[in-house]
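Read off the chains here:
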Amino acid sequence: MNDHHYTGLIEKYRDRLPVAESTKVISLNEGNTPLIELRNLPVKLGWNHQIFCKFEGLNPTGSFKDRGMTMAVTKAVESGAKAIICASTGNTSAAAAAYAARAGIKSFVLIPEGKIALGKLSQAMMHGATVIQIRGNFDDGMRLVQELSSTMPLNLVNSINPYRLQGQKTIAFEVVEALGDAPDYHVMPVGNAGNISAHWIGYSEAAGRQCGSCNLCNGECAFKGVVISTKRPTLVGYQASGAAPFLRNEMVDSPETVATAIRIGHPVSWDLAWAAQKESAGWFEECTDEEILHAQKVLAESEGIFCEPASAITVAGLIKDIERNRYKSGSRIVCTLTGHGLKDPDTAISQSEAPVVVEATRDEIGAIIERHL
Ligand code: F0G
């Protein structure tokens, strides 16, 4: 094999991750996702910022969860685990199922009945997970998997597992490498809040801030002094209005949003996310379901980037906060687009014009083309 063949983020960032030489890596070559500069939307909306999308939907299972899952499953297997468990709004279950399949171990996933996007459900089922739909929401599932994994031979792979954040922090390394330094702002959706915490760990390490100084990594950081950036960005977290505990400053008991991935009211990384916001001098803001769907459509139509609703909240947030001048003029902004639009075909189809049906004749088709040219 060519030495330059990319084999996943653990191999690439071995020196900055808690793995030993002897650790058997479970990988699907995740990471190394494209950083795509927006070309049309900023012109259309008159923005004077340089905006990039880190398209995490191009990971092997279609979301950023693969970054954390390669680490969590690698460490689970290393510890001798034969089964993993998670609660999920969909993407974590897809990633857990895929990496468990790759490792040859069992996976159990708890999902809220009727509240996960079709693509994600199909993934967990295809990869052979035991899919358990609960009559409850993600937060109920989260509580249950913590209970179950403390009494049964199950390794918990939700982001409360510190190895998940270790894998996910590598997104910051990739952004710094691509841009040559950290951006001014990094914007992302916030649900269970592991991802914003992981971004902060990654950016802190990249800037030479040792594990512990940011009080974020639970002693699991494998900081080896690999300094690649001169600064850390301001982090901005967007939440759906119906599931916005960080905006309400308290847990939300019955979260609701069309962005089912972030339909979470009791985020487990509550303290870490607040620390990331404070240390980075960032902020949380909320967007309505309408704003989220509008942003998803605008991004797909004007840039050719199809992300899922939860990811589009970043663009919805930018539309709102750039208008209010919350971003310093001329900034470099990176948005994490956490999951692929194909994850949730129902939502995409329901907000798009239905295809016309015509006879298979040149005349009928020609007439339609004429009308749209
Ligand atoms: N975007 C997508 C597409 C997600 O699937 C999630 C979380 C988030 C954003 C929020 O990230 O939880 O780290 O703040 N999905 C989890 C799941 C909860 O089960 O797939 P977070």
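Each chain carries its own residue numbering, running from 1 in the direction its sequence is written. Selection of residues for local features in this predicted model requires a pLDDT of at least 70, selection of side-chain atom pairs for listing and counting requires 80 or more, and totals for whole chains, interfaces and linings are taken over all residues. The basis for the side-chain values is all heavy atoms of the structure; hydrogens and waters are excluded.

Enquirer: What is the right way to read the overall build of the protein chain from this model?
Expert: Of regular secondary structure, the protein chain possesses 15 helices and 10 strands. For 373 residues, the compact-globule formula gives about 21 Å, and the C-alpha radius of gyration of the protein chain, at 20 Å, lands near that figure. Based on the C-alpha atoms only, the size of the protein chain along its principal axes is roughly 65 × 50 × 45 Å. Burial status across the protein chain gives 58% buried among its 373 residues. Every helix listed is a DSSP run of H or I at least four residues long, and every strand listed is a run of E at least two residues long, numbered separately from the N terminus. It is over C-alpha atoms that the radius of gyration is taken, and the globule rule equals 2.2 Å times the number of residues to the power 0.38. For each residue, the accessible area found with a 1.4 Å probe, counting protein chains only, is set against the maximum for its type, and the residue is called buried under 20%, exposed over 50%, and partly exposed in between.

Enquirer: Sorry, what's going on with the packing of aromatic side chains here?
Expert: Here the distance between the centres and the angle between the planes together describe a pair of aromatic rings. The aromatic pairing rule takes the rings of Phe, Tyr and Trp, using the six-membered ring of Trp, and pairs them if the centres are within 6.5 Å, calling planes under 30 degrees apart stacked, those over 60 edge-to-face and the rest tilted. Under the defined criterion, the tally for this structure stands at 9 aromatic pairs. Here Phe 246 and Phe 284 contribute two aromatic rings whose centre-to-centre distance is 4.6 Å and whose plane-to-plane angle is 25°, an arrangement assigned as stacked. Taken as a pair, Phe 246 in helix α10 (residues 245-248) and Phe 284 in strand β9 (residues 283-287) lie far apart in primary sequence, 38 residues in all. Given a relative accessible area of 3%, Phe 246 falls into the buried group. Against the face of Phe 173 rests Arg 16, its NZ or CZ located 4.9 Å from the ring centre. By the criterion adopted, a ring carries a charge over it if an Arg CZ or a Lys NZ lies within 6 Å of its centre and within 35 degrees of its normal.

Enquirer: Any chance you could explain the site of the ligand here in plain terms?
Expert: The ligand sits among 20 residues. The nearest are Ser 88, Thr 92, Asn 192, Ala 193 and Thr 338. Counting of polar contacts relies on pairs of N or O atoms within 3.5 Å, with two restrictions inside protein: one atom must be capable of donating a hydrogen and the other of accepting it, and residues adjacent in sequence are counted only when both atoms are side-chain atoms. Between the ligand and Ala 193, the relevant distance is 2.7 Å, taken from an oxygen atom to a main-chain nitrogen or oxygen of the residue. Between the ligand and the protein, one listed contact pairs an oxygen atom with a backbone N or O atom of Gly 194 at 3.2 Å. For the ligand, the accessible surface in isolation is 480 Å², of which the surrounding protein chains cover 99%. Elements that contribute at least two residues to the shell around the ligand include exactly α4 (91-103) and α9 (194-206). Here the shell around the ligand is composed, by residue class, of 8 nonpolar, 10 polar and 2 charged. For this purpose, a residue is taken to be near a molecule or strand whenever a single non-hydrogen atom of the residue falls within 4 Å of it. The accessible surface values rely on the Shrake-Rupley method and a 1.4 Å probe; as for residues, cover is taken only from the protein chains in view. Three classes are used, and their members are as follows: Ala, Val, Leu, Ile, Met, Phe, Trp, Tyr, Cys and Pro are nonpolar, Asp, Glu, Lys and Arg are charged, and the others, Gly among them, are polar.

Enquirer: Is there a simple way to explain the nonpolar core in this structure?
Expert: Generally speaking, soluble globular proteins have nonpolar side chains that are buried together. Residues Ile 51, Val 187, Tyr 238, Leu 299, Leu 318 and Tyr 327 are the most contacted members of the largest nonpolar core, which totals 33 residues. Elements represented by at least two residues in this core include exactly β2 (50-55), β7 (185-189), β8 (234-240), β9, α12 (289-303), α13 (309-323) and β10 (332-337). In terms of residue count, α13 provides more of this core than any other element does, 7 residues in total. Excluding anything up to four places from it in sequence, Leu 299 contacts Leu 38, Leu 41, Gly 304, Ile 305, Cys 307, Val 315 and Leu 337. As used here, the term nonpolar core means buried Ala, Val, Leu, Ile, Met, Phe, Trp, Tyr and Cys residues forming a set that is joined through side-chain atoms within 4.5 Å. One finds Val 176, Val 190, Ile 196 and Ala 276 within the second-largest nonpolar core, a separate group that totals 29 residues. Contacts between residues were defined by any pair of non-hydrogen atoms, one from each residue, lying within 4.5 Å.

Enquirer: Can you walk me through the packing of α12 against α13 in this structure?
Expert: Each pair of packed helices can be described by the angle between their axes along with the distance between the axes. Contact pair α12 / α13: the axes reach a minimum separation of 7 Å and the direction vectors enclose 95°. Judged by the angle between their axes, α12 and α13 are roughly perpendicular. Listed contacts from α13 to Glu 291, Ile 292, Leu 293, His 294, Ala 295, Gln 296 and Leu 299 of α12 are Pro 309, Ala 312, Ile 313, Val 315, Ala 316, Ile 319 and Lys 320. Across the contact of α12 with α13, the residue classes break down as 10 nonpolar, 2 polar and 2 charged. The axes are straight lines fitted to the C-alpha atoms, using for helices just the contacting stretch, and the angles between their N-to-C directions are given from 0 to 180°. Note on terminology: angles under 35 degrees are roughly parallel, angles over 145 are roughly antiparallel, angles of 65 to 115 are roughly perpendicular, and the others are oblique.

Enquirer: What is the right way to read the state of the cysteines from this model?
Expert: What makes a disulfide is a covalent bond joining the sulfur atoms belonging to two cysteines. The definition used for a disulfide is geometric: two cysteine sulfur atoms within 2.5 Å. Scanning the model with the defined rule gives 0 disulfides in all. As a non-bridged cysteine, Cys 287 has Cys 335 as the owner of its nearest cysteine sulfur, 11 Å distant. Residue Cys 335 stays outside any disulfide, its sulfur separated by 4.8 Å from that of Cys 53, the closest cysteine. For Cys 335, a relative accessible area of 0% corresponds to the buried category.

Enquirer: Would you explain a nonpolar patch on the surface in this entry?
Expert: On the surface, a nonpolar cluster with roughly 490 Å² of combined accessible area is contributed by Val 356, Val 358, Ile 365, Ile 369 and Leu 373. Structurally, Val 356 can be placed in the loop between α14 (345-350) and α15 (362-372). Patch rule: a residue counts if its relative accessible area is over 30% and it has no salt bridge; like charges are joined within 9 Å, and nonpolar side chains (Val, Leu, Ile, Met, Phe, Trp, Tyr) within 5 Å. What counts as a salt bridge is simple: a side-chain nitrogen of Lys or Arg found within 4 Å of a carboxyl oxygen of Asp or Glu.

Enquirer: Would you mind showing me how to read the sheet that holds strand β5 (residues 130-134) here?
Expert: Pairing between the strands of a sheet is mediated by backbone hydrogen bonds and can be parallel or antiparallel. In this scheme, strands are said to pair when DSSP sees at least two bridges between them. One open sheet holds the 4 strands; their spatial order is β5-β4-β3-β6, and the pairing between them is parallel. Lying at the two open borders of the sheet, with one neighbouring strand each, are β5 and β6 (155-156).

Enquirer: Explain the pairing of strand β3 (residues 83-87) to me, please; I cannot follow it from the model alone.
Expert: Consecutive residues of a regular strand have side chains that alternate between opposite faces of the sheet. Burial analysis of β3 places 5 of its 5 residues in the buried class, the great majority of the element. As judged from the 5 bridges shared by β3 and strand β4 (residues 106-112), these two strands associate in the parallel manner. By the bridge assignment, Ile 85 is partnered in β4 with Phe 108. With its strands directed away from the observer, a crossover is right-handed exactly when the path from the first strand over the helix to the second travels clockwise. The β-α-β motif built from β3, the intervening α4 and the parallel element β4 has right-handed crossover chirality. In this structure, β3 lies alongside β6, joined through 2 bridges in parallel fashion. Pairing of Ile 84 across the sheet is with Asn 155, part of β6.

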